[in-house]
Amino acid sequence: MKKSLFLRIAAPTLLLLLSTAANAGLVVCGDVYRQASLNSAESCLSQTLGSTVKQSDLTTLFGGTWVKQGELTGNGSNGLFSVSGANWGNEDVTGTWQINSSFWDTYGAALITMHVGGGQKNAVDNFEWVVTPDSLAGTWSYDKLKGKGGGLSNIKLWGSGTPTIKVPEPSALLLMLIGLFSLGFARRAAK
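So, here is what we can say about the structure in this document. A quick note: this is a predicted structure, and the numbers were derived from the prediction, not measured.

### Some points on the overall build of the protein chain
Turning to step 1, where the next piece is worked out: Each helix and strand counted, the protein chain has four helices and ten strands in total.
Turning to step 2, where the next piece is worked out: The secondary structure elements of the protein chain, listed N-terminal to C-terminal, are α-β-β-α-β-β-β-β-α-β-β-β-β-α.
Turning to step 3, where the next piece is worked out: The proportion of buried residues among the 191 residues of the protein chain is 35%.
Turning to step 4, where the next piece is worked out: For the protein chain, the exposed area adds up to about 10700 Å²; of that, 58% sits on carbon and sulfur atoms.

Given below as structure tokens:
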């Protein structure tokens with residue numbers, strides 16, 4: 001009887017702890033010529049849009065009104081958006097990105113876009129990632145797999161919508177303490 005009482009209390013507590021895990025991950029997209037990835041993203045589109053992605057392109061692809069909050073053509077920051085990496089303008093590049101937390105006080109959605117040089121007919125030249133809400137940092141990469149052109153040109157941050165109301169989640173420690181208290185109470189009640 002003690003074992004089944006333990007399972008009735010411990011199992012729901014464990015499930016509650018596990019349900020708070022984040023589901024952001026590394027998202028890769030591209031074609032046979034070019035491929036790029038971004039960490040802390042939910043999805044990606046890869047397009048052949050020409051010299052650079054525009055607000056109207058994003059509205060068509062994602063809906064809403066998108067406001068450009070940063071365009072970086074090399075390592076640096078504009079206050080809301082920072083990017084670092086090596087070999088800008090080249091074909092195989094990796095780095096990190098960071099969004100200032102104040103961005104999420106103004107916007108409810110974010111896109112990070114990457115533009116690479118043309119030169120290969122019908123090859124992808126723009127990547128657009130939907131960033132996991134409230135994400136503040138991650139990694140990115142770009143690889144030219146084959147064909148002409150394709151050096152990294154720029155990375156941009158776009159914001160849209162209104163911020164979501166943030167309801168604080170209970171910490172794992174608090175949940176564990178509640179579970180332990182419940183086990184102690186159940187043990188006393190069983191005697």
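### Focus: the pattern of salt bridges
Turning to step 1, where the next piece is worked out: This model, assessed by the stated rule, comprises two salt bridges.
Turning to step 2, where the next piece is worked out: Among the salt bridges present, the one from glutamate 71 reaches lysine 68, with a minimum N-O distance of 3.1 Å.
Turning to step 3, where the next piece is worked out: The exposure class assigned to glutamate 71 is partly exposed, which follows from its relative accessible area of 38%.
Turning to step 4, where the next piece is worked out: When its relative accessible area of 41% is taken as the criterion, lysine 68 is described as partly exposed.
Turning to step 5, where the next piece is worked out: The shortest N-O distance in the salt bridge between lysine 156 and glutamate 71 comes to 3.9 Å. Here the residue lysine 156 occupies a position in strand β10 (residues 152-160), and glutamate 71 occupies one in strand β3 (residues 67-72), the gap between them amounting to 85 residues.

### Comments concerning the nonpolar core
Turning to step 1, where the next piece is worked out: Core analysis: the largest hydrophobic core is formed by 30 residues, its most contacted members being Phe81, Met114, Phe127, Trp129, Trp140, Leu152 and Ile155.
Turning to step 2, where the next piece is worked out: Counting five residues, the second largest nonpolar core, distinct from the first, contains Val53, Trp66, Leu111 and Trp158.

### Observations concerning the environment of serine 82
Turning to step 1, where the next piece is worked out: Looking at where serine 82 falls in the secondary structure, it is placed in strand β5 (residues 81-85).
Turning to step 2, where the next piece is worked out: Spatially, the C-alpha atom of serine 82 lies 9.7 Å from that of lysine 156, the residues being 74 residues apart in sequence.
Turning to step 3, where the next piece is worked out: Those residues in contact with serine 82, other than ones at most four positions away along the chain, are Leu72, Gly76, Ser77, Thr96, Trp97 and Gln98.
Turning to step 4, where the next piece is worked out: A polar contact of 2.9 Å, which involves the side chain of serine 82, links it to the side chain of serine 77.

### Regarding the pairing of β10
Turning to step 1, where the next piece is worked out: Burial within β10 is extensive, with eight of its nine residues counted as buried.
Turning to step 2, where the next piece is worked out: For strand β7 (residues 109-116) and β10, the ladder comprises eight bridges, and the chain directions are antiparallel. By the bridge assignment, methionine 114 is partnered in β10 with isoleucine 155.

### Notes on the state of the cysteines
Turning to step 1, where the next piece is worked out: Summed over the entire model, instances satisfying the criterion amount to one disulfide.
Turning to step 2, where the next piece is worked out: Across the disulfide, cysteine 29 is cross-linked to cysteine 44 (sulfur-sulfur distance 1.9 Å). Taken together, the residues span a long stretch of sequence, with cysteine 29 in strand β1 (residues 25-30) and cysteine 44 in strand β2 (residues 34-47) at a distance of 15 residues. Pair check on accessibility: cysteine 29 and cysteine 44 agree, each one buried.

### Some remarks on the pairing of β1
Turning to step 1, where the next piece is worked out: Two elements, β1 and β2, share five bridges in a ladder whose sense is antiparallel. The residue of β2 that forms the bridge with valine 28 is serine 37.
Turning to step 2, where the next piece is worked out: Count of turn residues in the β1/β2 antiparallel hairpin: three residues.

### What to know about the packing of aromatic side chains
Given two aromatic rings, one states the distance between the centres and the angle between the planes to describe the pair.
Turning to step 1, where the next piece is worked out: Counted under the stated rule, the structure contains six aromatic pairs.
Turning to step 2, where the next piece is worked out: Measuring from ring centre to ring centre gives 5.0 Å for phenylalanine 103 and tyrosine 107, while their planes differ by 35°; the resulting arrangement is tilted. Comparing phenylalanine 103 with tyrosine 107 shows no difference in burial state: the two are buried.
Turning to step 3, where the next piece is worked out: Each residue in the set Phe103, Trp104 and Tyr107 is aromatic and connected to the rest through ring pairs, giving one cluster.
Turning to step 4, where the next piece is worked out: In this structure, lysine 146 packs its charged tip against the face of tyrosine 33, placed 5.7 Å from the ring centre.

### Observations concerning unusual backbone geometry
Turning to step 1, where the next piece is worked out: The phi dihedral of serine 40 is positive, around 65°, even though this residue is not glycine.
Turning to step 2, where the next piece is worked out: Among the secondary structure elements, serine 40 is positioned in strand β2.
Turning to step 3, where the next piece is worked out: Residue class for serine 40 comes out buried when judged on its relative accessible area of 13%.
Turning to step 4, where the next piece is worked out: Residues other than glycine seldom take positive phi values, yet aspartate 134 does so here, at roughly 70°.
Turning to step 5, where the next piece is worked out: Considering the arrangement of structural elements, one finds aspartate 134 in the loop between β8 (126-131) and β9 (137-144).
Turning to step 6, where the next piece is worked out: The exposure class assigned to aspartate 134 is partly exposed, which follows from its relative accessible area of 37%.

Calculation rules
- Residues numbered from 1 in each chain as written.
- Predicted model: local features only at pLDDT ≥ 70, side-chain atom pairs only at ≥ 80, totals over all residues.
- Heavy atoms only, no water.
- Helix = DSSP H or I, 4+ residues; strand = E, 2+ residues; numbered from the N terminus.
- Buried < 20%, exposed > 50% of the residue type's maximum accessible area, 1.4 Å probe, protein only.
- Areas by Shrake-Rupley, 256 points an atom, 1.4 Å probe, with all protein chains shown as cover.
- Salt bridge = Lys/Arg side-chain N within 4 Å of Asp/Glu carboxyl O.
- Core = buried A, V, L, I, M, F, W, Y, C linked by side-chain atoms within 4.5 Å.
- Contact = heavy atoms within 4.5 Å.
- Polar contact = N/O pair within 3.5 Å; in protein donor to acceptor, adjacent residues only side chain to side chain.
- Pairing = 2+ DSSP bridges.
- Disulfide = S-S within 2.5 Å.
- Phe/Tyr/Trp six-rings, centres within 6.5 Å; stacked < 30°, edge-to-face > 60°.
- Lys NZ or Arg CZ within 6 Å of the ring centre and 35° of its normal.

Nothing here speaks to function; it is geometry throughout.
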